[in-house]
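Each chain is listed here by its residues.
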Amino acid sequence: MYLRPAVAVGLLAILAGCASLTESTEQNVLVQTVLDHREIAGVGCVLYNDAGKWFVTTPARLTLRKSSGPLRIDCAKNGKGWAYEKVDARADGNLWGNLALTAGVGYIVDKNTGAGYDYPAVLTVVMHPAQEKEEGPPPAAGVTLF
């Protein structure tokens, strides 16, 4: 008779740690570009991870889909410069609580949905002057070029 309330409390405790239930799979970020220690506006950027692709002109705020994988940022502005950066996702506290409370099941769900991960809220992309792009070595295979 007293077993039902105990089971209900136990299930609630397990679900409380699940980031996919308590957190969004989306995140708002600010993208800004810097060249020679100054912010440069009007730079076209493509942001992408294994959950999607987004196009912005900096500075810009956007909502992107979180992932456990890296976020890649590819930016260019004719005559000004270019940038290619990778930002790793970081596990948040709910992900680790989920691992302990659900014996790993919730961790797998959160890893697949990206709910237990975050990117930095402000993404500052450091641009390279335009002439460096032409003088440097050719880009690696799979790198997006503008």
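Look above for the structure.
In this text the structure is predicted, and so the values were computed from the model without any measurement. (Residues numbered from 1 in each chain as written. Predicted model: local features only at pLDDT ≥ 70, side-chain atom pairs only at ≥ 80, totals over all residues. Heavy atoms only, no water.)

Draft legend 1. Representation of the overall build of the protein chain within the structure. Secondary structure summary: the protein chain contains five helices and eleven strands in total. By residue count, 36% of the 146 residues in the protein chain fall in the buried class. Considering only contacts within the protein chain whose residues lie at least 6 apart along the sequence, 66% involve residues at least 24 apart. Of the accessible surface of the protein chain, which amounts to about 8,900 Å², a share of 59% is contributed by carbon and sulfur atoms. (Helix = DSSP H or I, 4+ residues; strand = E, 2+ residues; numbered from the N terminus. Buried < 20%, exposed > 50% of the residue type's maximum accessible area, 1.4 Å probe, protein only. Contact = heavy atoms within 4.5 Å. Areas by Shrake-Rupley, 256 points an atom, 1.4 Å probe, with all protein chains shown as cover.)

Draft legend 2. Highlighting the sheet that holds strand S7 (residues 81–87). If you trace the five strands from one edge of the open sheet to the other, you get S4-S3-S6-S7-S11, paired in antiparallel fashion. Each end of this open sheet is capped by a strand with a single partner; those strands are strand S4 (52–57) and strand S11 (128–129). Here strand S6 (residues 71–77) runs beside S7; their pairing, made up of seven bridges, is antiparallel. Note that in S7 the partner of Ile 73 across the bridge is Glu 85. (Pairing = 2+ DSSP bridges.)

Draft legend 3. A look at the environment of Gly 81. Residue position: Gly 81 is located in strand S7. In this structure, the C-alpha to C-alpha distance between Gly 81 and Gln 131, residues 50 residues apart in sequence, is 7.7 Å. Not counting the four nearest positions on each side in its chain, Gly 81 is found in contact with Ala 76, Met 127, His 128, Pro 129 and Ala 130.

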